[in-house]
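What follows is each chain in one-letter form.
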Amino acid sequence: ITSILQGSCAVNESFKLATVSSAGSRPFVSLVLDDTSVGLEAACAKAGVHLPCSSMMELLEDWDASFDKLVKVAAFVRKEGIASPRLKGAVAPIGSLHVHAPIPRPPTMFFAAVNYPRPAGRNALPPPGVKRKPLFFEKTARCVIGPYDDIVKPRDYNDIDWEVELALVIGRAG
């Protein structure tokens, strides 16, 4: 799972968002510019922008409005400068922070199984004329971890089939 969400706007105004923590603090949303993290709540306050941002989910609930405000905050931080005394205490190198999953407990996660070639013919093609539909399944929110977190193997369970899941946030009707 990627832990940083990218906002796209004018190339010189691009930004990323991450859920991070520092020295045991509670996780918070961070505006990431290049390799520098700026606490979003503090940046919003200094920029005079009202944006509910206590979690990534809160930002996603009204993404269009959030995005417009995030662009303004990112522009403010770039204009003010990362070293500005006004941003003191809200700025840190992203590498010095613990990066969490962007949404630690997503509300719904649906996956498709047997949708790609697997080793040893484990999902060999069906006989001609037989349609195979993908198997869909749901995972619990407890399976989400951050990019550098350990994967905990259940006790006495040694037959683990590894694979990577890519999660996408889809918030608009097709």
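Just above, that's the structure.
Note that the structure is a prediction, hence the values are computed from the model and not measured.

A. The arrangement of the environment of S25 in detail. Its place among the elements puts S25 in the loop between β2 (15-21) and β3 (28-33). Taking the C-alpha atoms as reference points, S25 and H98, separated by 73 residues in sequence, lie 9.8 Å from one another.

B. Here's a closer look at the pattern of salt bridges. One pass over the full model with this rule turns up two salt bridges. As a salt-bridge pair, E41 and R26 come within 3.7 Å of each other at their nearest N and O atoms. With E41 in helix α1 (residues 40-47) and R26 in the loop between β2 and β3, the pair connects residues that are 15 residues apart, well separated along the chain. Here E80 makes a salt bridge to R86, at a shortest N to O gap of 3.4 Å. Here R86 falls in the partly exposed class, since its relative accessible area comes to 41%.

C. Molecular detail of the nonpolar core. F15, L17, L31, L40 and V77 are the most contacted members of the largest nonpolar core, which has 24 residues in total. Listed by contribution, the elements that provide at least two residues to this core are β2, β3, α1, α2 (56-61) and α3 (63-80). Take this core: its biggest share by element is seven residues, from α3. By size, the runner-up hydrophobic cluster in this structure holds seven residues, among which are A18, V20, L97 and V99.

Analysis parameters
- Residues numbered from 1 in each chain as written.
- Predicted model: local features only at pLDDT ≥ 70, side-chain atom pairs only at ≥ 80, totals over all residues.
- Heavy atoms only, no water.
- Helix = DSSP H or I, 4+ residues; strand = E, 2+ residues; numbered from the N terminus.
- Salt bridge = Lys/Arg side-chain N within 4 Å of Asp/Glu carboxyl O.
- Buried < 20%, exposed > 50% of the residue type's maximum accessible area, 1.4 Å probe, protein only.
- Core = buried A, V, L, I, M, F, W, Y, C linked by side-chain atoms within 4.5 Å.

That's the geometry; what it means functionally is another story.
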